[in-house]
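Here's the letter readout for the chains.
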Amino acid sequence: MPVRGHTLVRGDTGSFHRPVKGGTVVIEGAVKRFGDLEVLKGVSLTIPSGSVTVIIGQSGSGKSTLLRTINHLEPLNAGLISIDGKLIGYREDANILHELKEAEVLRRRVDVGMVFQSFNLFPHMTVLENIVEAPVHVRGRPRAEAEADARVLLTRVGLSDKVDAYPRQLSGGQQQRVAIARALALRPKVLLFDEPTSALDPELVGEVLGVIRELASSGTTLIIVTHEMGFAREVADTVVFMDQGRIVERGTPEQVFSRPVHPRTAEFLSKVL
Ligand code: ADP
Ligand code: MG
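Just so it is clear, the model here is predicted, and its values are computed rather than measured. (Residues numbered from 1 in each chain as written. Chains lettered and ligands numbered in written order. Predicted model: local features only at pLDDT ≥ 70, side-chain atom pairs only at ≥ 80, totals over all residues. Heavy atoms only, no water.)

A. Region of the structure containing the overall build of the protein chain. Regarding its fold elements, the protein chain presents ten helices and twelve strands. When the 273 residues of the protein chain are sorted by exposure, 52% land in the buried category. Across the protein chain, the fraction of contacts at a sequence separation of at least 24, relative to all contacts at a separation of at least 6, is 66%. Within the structure as shown, the protein chain displays about 12500 Å² of accessible surface, and the carbon and sulfur contribution to it stands at 51%. (Helix = DSSP H or I, 4+ residues; strand = E, 2+ residues; numbered from the N terminus. Buried < 20%, exposed > 50% of the residue type's maximum accessible area, 1.4 Å probe, protein only. Contact = heavy atoms within 4.5 Å. Areas by Shrake-Rupley, 256 points an atom, 1.4 Å probe, with all protein chains shown as cover.)

B. Region of interest: the side chain of Arg141. Relative to the helices and strands, Arg141 is located in the loop between helix H4 (127–137) and helix H5 (143–156). Apart from residues lying up to four places away in sequence, Arg141 is in contact with Pro135, Val136, Ala146, Asp149 and Arg187.

C. Local environment of H4. Listing the buried residues of H4 in full gives Val127, Leu128, Asn130, Ile131, Val132, Pro135 and Val136. If you follow the buried residues of H4, they end up packed against H5 and helix H6 (172–184).

D. Examining the packing of aromatic side chains more closely. Applying the stated criterion across every chain, the model contains one aromatic pair. The cationic tip of Arg182 hangs over the ring face of Phe122; the distance from NZ or CZ to the ring centre is 5.3 Å. (Phe/Tyr/Trp six-rings, centres within 6.5 Å; stacked < 30°, edge-to-face > 60°. Lys NZ or Arg CZ within 6 Å of the ring centre and 35° of its normal.)

E. How the structure looks around the site of ligand 1. Around ligand 1 sit Phe34, Leu37, Val39, Gln58, Ser59, Gly60, Ser61, Gly62, Lys63, Ser64 and Thr65, and those are all the residues in its vicinity. Between ligand 1 and the protein, one listed contact pairs an oxygen atom with a backbone N or O atom of Gly60 at 2.7 Å. Protein chains shield 59% of the accessible area of ligand 1, which is 560 Å² for the free molecule. Listing elements by their share of the shell around ligand 1, those giving two or more residues are strand E2 (37–47) and helix H2 (63–70). With three residues, H2 is the single largest residue contributor to the shell around ligand 1. (Near = heavy atom within 4 Å. Polar contact = N/O pair within 3.5 Å; in protein donor to acceptor, adjacent residues only side chain to side chain.)

F. Inspection of the sheet that holds strand E4 (residues 78–83) at higher detail. Across the sheet, four strands lie side by side as E2-E1-E4-E5; this open sheet has antiparallel pairing. Each having just a single partner strand, E2 and strand E5 (86–88) make up the two edges of the open sheet. Strand-to-strand twist of the sheet, defined as the mean angle between neighbouring strand axes without regard to direction, takes the value 30°. As judged from the three bridges shared by E4 and E5, these two strands associate in the antiparallel manner. Directly across from Ile81, in E5, lies its bridge partner Ile88. Against the sheet, H2 contacts strand E1 (25–34), E2, E4 and E5, and its axis sits at roughly 60° relative to E2. (Pairing = 2+ DSSP bridges. Axes fitted to C-alpha atoms, helices over the stretch in contact; angles between N-to-C directions.)

As structure tokens, this is what we get:
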């Protein structure tokens, strides 16, 4: 159903300056334990290329852990995750042990970008240096090319005048927009956001959401953990509610926010809406 333009023009860059193509993320029976604590208890979810998925749920329900497994930061104990059919991390069960070599993991991680609550910029580097660091040193792109790209990305996030600034000279909202530009510089198929506005003063939330909103129509697959329910309703193709390591409900924003089926969803929404 053509609900949003970007599902039809996937791969079209819209206002972006070069093709950005999304990746399809398939999560099947993902289990993650920390010692005795089972944090993901068999999570299954298919996320179509170019779509926007918003994950909601109370603190401790496993949202960050799920993002970290998608980004190869945490290996699974069971189940599997793939992007465009390529497995992430490893799968371990009674009969199968599939472990990727470190170099292969690093290569596949390039498909996935992540933006954190705390912007994690390199404090001793300028904005431009922050953005070109990985493309030049990890991917071996020529510096001039990477810098030209970075300037275009900075214009996209409204910071073309901050090329030579240091992170400490920027507001939180500006730093987060640089962090988004930095993630985009690696041309990820999938971009993960873990509470990207939670560390911001309220008046700075809008500028960061505005940048993410624009990315939503770029063709990149977005998976966003957020407590901004109005934003979720507006931008999500699919809303996923997690509770105690499980997906207990998912649907369109309209379904989940207006007609939640599961009592836990209704209870959560009654506290946050
Ligand atoms: P959320 O992002 O939904 O708040 P998290 O994924 O951060 O939830 O955490 C889920 C649970 O896993 C919590 O109980 C948390 O304490 C635990 N947890 C997360 N990371 C680790 C870790 N590295 N070691 C041990 N426990 C962890
Ligand atoms: Mg979290």
